[in-house]
Structures are given as C-alpha cells and as structure tokens.
Number of protein chains: 2
Amino acid sequence: MNDFTFQCSTKIVFGRGAERCVGEETARFSKNILLHYGGGSIKRSGLYDRVMASLAGQGIHVTELGGVEPNPRLDLVYRGIELCREKNIDFILAVGGGSVIDSAKAIALGVKYPGDVWELFAETGTVGEVLPTGNILTIPASGTEAGNGTVVKNMALGLKRNVNDQKLRPQFTILNPELTLSLSPLQTACGVSDMLSHVLERYFAPEKNVEYTDRLCEATMKTIIHNGLRAVRDPGDCNARAELMWCGTVAHNDFLQTGRTPDFASHKIDHEVNAVCDCTHGASIAVLFLAWCRYVYTKHIDKFAQFAVRVFDAEMNFENPAETAREGIARLERFYHDLGLSTRLRDLGVEKSDFATIAKNCKTFAGDKVGNLEKISRDDMLDILEIAY
Amino acid sequence: MNDFTFQCSTKIVFGRGAERCVGEETARFSKNILLHYGGGSIKRSGLYDRVMASLAGQGIHVTELGGVEPNPRLDLVYRGIELCREKNIDFILAVGGGSVIDSAKAIALGVKYPGDVWELFAETGTVGEVLPTGNILTIPASGTEAGNGTVVKNMALGLKRNVNDQKLRPQFTILNPELTLSLSPLQTACGVSDMLSHVLERYFAPEKNVEYTDRLCEATMKTIIHNGLRAVRDPGDCNARAELMWCGTVAHNDFLQTGRTPDFASHKIDHEVNAVCDCTHGASIAVLFLAWCRYVYTKHIDKFAQFAVRVFDAEMNFENPAETAREGIARLERFYHDLGLSTRLRDLGVEKSDFATIAKNCKTFAGDKVGNLEKISRDDMLDILEIAY
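Treat the numbers as computed from the prediction; the structure is a model and nothing was measured. (Residues numbered from 1 in each chain as written. Chains lettered and ligands numbered in written order. Predicted model: local features only at pLDDT ≥ 70, side-chain atom pairs only at ≥ 80, totals over all residues. Heavy atoms only, no water.)

Attention now moves to the overall build of chain A. Scanning chain A from N- to C-terminus turns up 15 helices and eight strands. At 20 Å, chain A has a C-alpha radius of gyration in line with the 21 Å of a compact globule built from 389 residues. For the C-alpha atoms alone, the extent of chain A along its principal axes is close to 70 × 45 × 40 Å. Each of the 389 residues in chain A was classed as buried or not, and the buried ones make up 65%. Relative to all contacts within chain A whose residues are 6 or more apart in sequence, the contacts with residues 24 or more apart total 77%. Total accessible area on chain A stands at roughly 14000 Å², and carbon and sulfur atoms take up 48% of it. Between the centroid of the 43 positive side chains of chain A and the centroid of its 50 negative side chains there is a distance of 2 Å. (Helix = DSSP H or I, 4+ residues; strand = E, 2+ residues; numbered from the N terminus. Rg over C-alpha atoms; globule rule 2.2 N^0.38 Å. Buried < 20%, exposed > 50% of the residue type's maximum accessible area, 1.4 Å probe, protein only. Contact = heavy atoms within 4.5 Å. Areas by Shrake-Rupley, 256 points an atom, 1.4 Å probe, with all protein chains shown as cover. Lys, Arg positive; Asp, Glu negative; His and termini not counted. Charge placed at Lys NZ, Arg CZ, Asp CG, Glu CD.)

On to the UniProt feature "domain: Alcohol dehydrogenase iron-type/glycerol dehydrogenase GldA" (unreviewed entry) in chain A, then. What UniProt calls "domain: Alcohol dehydrogenase iron-type/glycerol dehydrogenase GldA" (unreviewed entry) maps, in this numbering, to residues 10-177 of chain A. Here residues 10-177 of chain A is 30% helix and 26% strand, with 18 Å between the C-alpha atoms at its ends. (UniProt positions renumbered as here; feature names shortened; annotations may be inferred.)

Tallying the contact residues gives 38 residues for chain A and 38 residues for chain B. Linking chain A to chain B there are two salt bridges. Of the charged contacts in the structure, one is a salt bridge between Asp3(A) and Arg16(B), with a shortest N-O distance of 3.2 Å. Every element with two or more residues in the side of chain A that touches chain B is listed here: β1 (4-14), α8 (211-233) and α9 (238-250) of chain A. For the side of chain A that touches chain B, the element with the highest residue contribution is α8(A), accounting for twelve residues. Considered class by class, the residues forming the side of chain A that touches chain B number 16 nonpolar, 14 polar and eight charged. As paired elements, β1(A) and strand β1 (residues 4-14) of chain B share seven bridges and run antiparallel to each other. If you follow Ile12(A) over to β1(B), its bridge partner there is Phe6(B). (Salt bridge = Lys/Arg side-chain N within 4 Å of Asp/Glu carboxyl O. Nonpolar A, V, L, I, M, F, W, Y, C, P; charged D, E, K, R; others polar. Pairing = 2+ DSSP bridges.)

As a further point, take unusual backbone geometry. Notably, Glu123(A) is not glycine yet its phi reads approximately 60 degrees, a positive angle. Relative to the elements of secondary structure, Glu123(A) occurs in the loop between α6 (118-121) and β5 (133-137). Relative accessible area serves as the criterion here: at 55%, Glu123(A) is assigned to the exposed category. Phi is positive for Asp368(B), which is not a glycine, with a value near 60 degrees. Among the structural elements, Asp368(B) can be located in the loop between α14 (355-361) and α15 (378-388). The exposure class assigned to Asp368(B) is partly exposed, which follows from its relative accessible area of 39%.

What follows is about the UniProt feature "domain: Fe-containing alcohol dehydrogenase-like C-terminal" (unreviewed entry) in chain A. This chain's UniProt record puts "domain: Fe-containing alcohol dehydrogenase-like C-terminal" (unreviewed entry) on residues 189-389 of chain A. Measuring from the first to the last C-alpha atom of residues 189-389 of chain A gives 20 Å, for a span that is 64% helix and 0% strand.

Let us look at the relation of the copies chain A and chain B. Each copy of the sequence occupies a distinct position, and chain A is placed on chain B by a rotation of 180 degrees and an axial shift of 0.0 Å, giving an RMSD of 0.0 Å. Between the two chains, the operation in question is that of a two-fold axis. Among all C-alpha atoms of chain A, that of Ser9(A) lies closest to the rotation axis, at 2.0 Å. Most of the interface of chain A is mirrored in chain B: 100% of its interface residues are interface residues there too. (Least-squares fit on C-alpha atoms with pLDDT ≥ 70 in both.)

The next subject is the pattern of salt bridges. For the structure on display, the rule yields 46 salt bridges over all chains. A salt bridge links Glu25(A) to Arg28(A); the shortest N-O distance between them is 3.2 Å. Given a relative accessible area of 6%, Glu25(A) falls into the buried group. Here Arg28(A) falls in the exposed class, since its relative accessible area comes to 51%. One salt bridge connects Asp214(B) with Lys303(B), and the closest N-O pair in it is separated by 3.2 Å. Here the residue Asp214(B) occupies a position in helix α8 (residues 211-233), and Lys303(B) occupies one in helix α12 (residues 301-312), the gap between them amounting to 89 residues. With respect to class, Asp214(B) is no different from Lys303(B); both count as buried. The structure contains a network of salt bridges with shared partners spanning Lys11(A), Glu24(A), Glu25(A) and Arg28(A).

Moving on, we get to the side chain of Glu218(A). Residue and element names in this part refer to chain A. Note that Glu218 resides in helix α8. Among the polar contacts listed, one links the side chain of Glu218 to the side chain of Arg310, at a separation of 3.0 Å. Other than its neighbours up to four places away in sequence, Glu218 contacts Tyr203, Gln306, Arg310 and Val311. (Polar contact = N/O pair within 3.5 Å; in protein donor to acceptor, adjacent residues only side chain to side chain.)

Moving on, we get to the domain arrangement of chain A. Residues and elements named next belong to chain A. By the assigned domains, chain A splits into domain 1 (11-179) and domain 2 (184-388). For domain 1 versus domain 2, the separation of C-alpha centres amounts to 27 Å. Every contact between the two is made by 27 residues of domain 1 and, on the other side, 25 residues of domain 2. Across the domain 1 to domain 2 interface the summed buried area is about 2200 Å²; carbon plus sulfur atoms make up 55%. In this assembly, domain 1 and domain 2 are joined by three salt bridges. (Domains from an automatic or database assignment. Buried area = accessible area lost by both parts, 1.4 Å probe.)

What follows deals with the environment of Gly367(A). All names here are of chain A. Along the chain, Gly367 falls in the loop between α14 (355-361) and α15 (378-388). Classification of Gly367 as exposed rests on a relative accessible area of 61%. Spatially, the C-alpha atom of Gly367 lies 47 Å from that of Ala18, the residues being 349 residues apart in sequence.

It is worth spelling out helix α5 (residues 98-110) of chain A at this point. If you check α5(A), its first and last C-alpha atoms are 18 Å apart, about what 13 residues at 1.5 Å a residue would give, namely 18 Å. Counting buried positions along α5(A) yields twelve of 13 residues, so the element is predominantly enclosed. (Expected span 1.5 Å × (residues − 1).)

Okay, here's the thing in structure tokens:
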C-alpha cells in the first residue's frame, strides 16, 4: 500500500425529491449564481421549474447559461467565464450530467484566472482561486459530481484534456435517483460503462498489499454490474437506479484509489478517440478497456484471475490460471453486450485511418507513455487500437 | 435504501512518518493549541518528541494536558475546558487512541458552551460552537479519528454517554501504521473487535435494497478479519497493520451506513457494561454482540445466512438456511477466540448482580427500547446479558 492523502468534503444529499433543498444548500455560498445546464431536457421534465422555485425561495439571483453539449466545449466555457466576470457571480450551480458539471467546473477554474483557461488544461498555467460549485446530477456516469477533475474539448485543436485539483471538488451534490428513471437503456448502459471503467482503472493498479481497496473495488463493481443489468432491462426500477447513482459517485471520488496508483491508460487513449469521433465516452471506454485487458493480461495473470473469480464469480482454474484470467475478460465483454453496447471501435465510427492521429495526440507522461500497470507507448496504442477495431 | 445526507470532510494523511506533517496541518487552524494525550507511551516511543518538533517548526504555542484514561473521564474534560478558556486556545490536537481523541472532542464541545458540558451528553443542552480538532492516531479501533461522535464516562453518576454532531468531525487525522507495530496482541485484538463491531452494527440494518452498502460492509469485515488474525499472530506485520488502520477509520465515519439505519443495540448495552466493570470496549462488545446475534437471528435468517456466506465463506445450506445463519455466528465466535478474546461476560469481571443496573441505566429511545433490526426492551437486555454471561 502506498502512502496517501485523501479528502472528499463534497456533501452528498441523496434521495427522492432531494433537489428541493437546492436553494438552501446554494444559499450557504452565494445569492448571485450562474445556473448551468444542457439542452431542454431539464425544462421538459419539470426539474428546471422546481430548481428555480427553490432558488427563488432563498432570494437567490440567477443568471442562466444552457447549451452544454456532450464532451463539453471550450467555447461555451469562455462564454460562462465572461458572464460570471460581467455579473460578479461567485457560485456556479450545474444541473445535468457529467458534461454540464465539467463545464461548470471549467468555468469555475477560469473566472479568477488571469490568462486563457485552456492554459490550465494544456498544463502551461497553474490553478489559482477556483469558484465554488454545486450540482444536481441527472445522469449517473462520470462521477465528476464529487470528483476533483474536469474534462473539456477544444474543438479548434481537436483535443480533449482534463484538469485535476482538490479545489474542483463541488461543495455539494444532490442525487435523486428518480431523476434518472427516464434515461433510455442506451444512456443507462453508457453511464454504467463509464462508472465501471472508473473502478476498473483503479482496480488494475501495480501495488501489492492493497487488500482493502481491492475488496472495496470488487464490491463496487459487483453492484454496478448487477444493477446495471437490472436498470437496462427495467428502466423504471428505482432500487437499481439508486444503487447505480451512489456507486457512480463513489467510483470516482478517489476513495477507491487510496494507497494505490490507478492505471487510466485506456482513459487517456479514449480521450483522443472521443476527440476524433465524438461518440459517448461510456461507449468507447468499454471498447478500449477490453482491448487494453487483452493486450496486458498475460503479464498479470494473478490479478486478472482474481478479477474473474471475485467480480464475475468465475471458478478458479488452479492448473491454468491464464484460462481463468481470460474467462474474466470474456465475461466483461459479455456484460457489455448484455448492456447493449458494442465492443468494437468500427461500430463507433472510428476508422483505422484515425489511429495515427489518436496515438499522436494522446497526452503521455515521462518516457512518452501512459498507464501504470503497464507503461503503454505510442506503438502499444496502435496495437491496442487494432485489437479494439 | 433510505434517503441520506453524508459528508465526511476529515482530511486523511496516511503513511509512514506521516506525523512529521502535524505542524503544517495544525498551523492551518491555529498557532495556540492544546496538546492532549494519555499516559507516557507517546513519550517512551519518541512520538511526543517528533510531534513537538513539528509543531515548534511552525511556531505553534503548545499547552499540554496528558493523563487521559481508557473510557475517558469527564473530570479531565472539565480541566481541559478550563485550560482552553484560560489560555484562549482555539484548537485541540489529540495524540493517542480513541479515548484521547474522544476526550479532546469533549473538551472542544465544552469550551464555548455556556453551561456544564455534561448537559450535552445528557441531552439537556444543545451543541453550539465547537473548537476544531485534529489527531494522530496510535490505536486503530474506535474510528473516532474521522467520526462525528465522542463518548465520555461520568464517574460520579456511573454513566457512559455519547454526543454525535457533524461539528465534532476532526479537521485531519494522521494515520501512520508504523506507530501501531508496538501494540500487544491483546490491544490489537481489542482494536480489531472494536472496529469490526462498528461494521457489524451497520450491517445488521432493517432496510432492504441496500446492496451496495451491504457489499462495502462485507468487504470491510473480510479485510478486518483477515488482517486482524495476521496482526495478532505477527504484531510486526506492517502490511496487516496498514489494512487495519484504514479499515478502522472507514468503519466508523458513517460511509458504511449511507441509506441504512445502524442497529447499535449492543453498543448501548455495552456502554453500561463498561460503566460497571471498566473493561476494554473491544473486549466487551465482542461478548455482547455475539449474545445479541443469538437472541435475534431466528427472525432474520436470510441476513445472518448472507453474513455467514459472504463474510465467513460458509457454504449456503439451501434446505436449512437457519443452520447457515448459526454457522456464521459460530464462525464469528471462533474468530474472537482466535484473536485471543473471551466470549463470556463472566471472564470480564461482570457479575450477574450487575445486570439489573446495566439494564436500568441503558439509554433507551422512544418506547423505552434500543436497536433497529429488533427493538430491544429492558427485559430483552436481561435475557441478552444472561446469554452473554
């Protein structure tokens, strides 16, 4: 186990009708806020009206900025920053899925930053003062609602980049599983794949002697898998929705990586796949993670066998652990299929001719590689993309 | 699953030599602190010197108050409150086990409270402003290092009482597993039993549809059981010590009770057992929890069978689930024996003649009962104490 520091101070307000306390939670921080959201779904569902009523009940002045798209765009972030500066706004409330929350966090990063906020994503600038944010989550998936990161897409450069900083953790997140009952099976499946990927990336860490966090990851994955299938088969199952919603938040608030180094190679490659094809992260990360498994598992038979046995209840083949390891990967693929997801890049609109761009743009670290369980070079990426195709 | 609010903002600083950052962490809050500790063990071990050096390095003025005893006494809390008022101290640093931290929290409750701090424990007063605290943990057991509660013993009244309030959560806890290598097998066993009891009390909740938290509890219990035995058999096993230390903190920070109502009947009875016999909480809670299991399991065969199968790897007897339920309780008892703990009240110095006092003093709730899985009356308590004897 590695030494670590962990602090997740985001207040979790979980339950039916929880959005009705948004005025009260927001008023602790500000009476002059930016309300940030996506398309019109929160208006059609009536959520918008309930939120506005709760904010009005606390006398909070609201400036609105809608229009966040999936894989949130830097352009809208710039507009949000300008709006906040213009109106002296000091708190941002995001109502929506992970893209809306990430966009809100990117705005929060930029308002007090003297330069171009993209510098923080390009790592040529340093995070300073960050506005506080809060959120009402409508799509359990990205875990950003209590996470320390944000990801945005720079259309001009064709790049998707993230910033991680403790100051980005939201002050509160309001989690009402009833708000997720209207998600389609495909939206649900992509959310399930997204949250599962956050645990998978942390599970396949290089450290030994991490029994507790291994078991916590396994508990989380088993629950996501079981309830993911329930929710896809019966979208109105509120018990399954509630389990998923709480799992999705814990999956990415860093609790599950205490004492260990997450891998995240597949995420780094996937960022560039998303930049090329604009498909949903949950759909493409399933494809890439599976391909990564097939590329690296022979060097980590024990861990992949543990995954098969403890997460997918496979029987351990003591004479041939590699077979057990492969069985775990096969069951993961079957799970994605059962969710209704493809496990081939070709189905997502990615062409082989994109591979070179993806590998070239991928943000690598020291030694020009990504990942921790195995160090993945740009050549490895091309091989993984081939497997994924 | 129940609706819930959860926020644990305590910063966790975990690792070898982590106490060396205590000056830095403390200086964020105050330069004029009370340093609270127990007997001389932190001086003999050298920890005291390292702490004082780190605090001095940040120019922090330190007033000392040692002498905390197990089952911390109200009298010393009064002295601490007087000291803080006299010297305008606004931060309390506890260095020691759960009793030291609880005593520090009780002082923190009392400094700004206009009346007698015992009123807060007797629930005749309301918690107001609470001083911030931080701690360096030396005995993983009570979980109070990141918890929202404190327990003290009023010797004059022969009562042990608790206060729970979000404001009691420490600002930081420093967890260095190397500091626990010198704990004896018996101290270790009592700590293991204590932390396990916190999970057990949360696990046996009345709610259905709590799959995620059930699995998280099971992950925590399996890790405590496995590493508890390792640490008792080989006190120098730092990997086992590290697993236990992190488990002990999570076991009682309320994360494992999100969406569910913990039982805590056994704890309520045990408070009064401790008031009568002054034995270690970890030793007596093992005895009481086992007796409680035997008293209630027939009404909750499914949950006790799940416990047996998932926590102790018992084989499910589908024809006779009650047998599986009993097997789980038997394995829990065997585990306590393997730790070196007794599972009989008579071995702890409790007499049958004490039973009436214990049941009479036990702090009950509405309907004069304790517990949530089953409502335990004072008559039930006498039966449980008989089973435990």
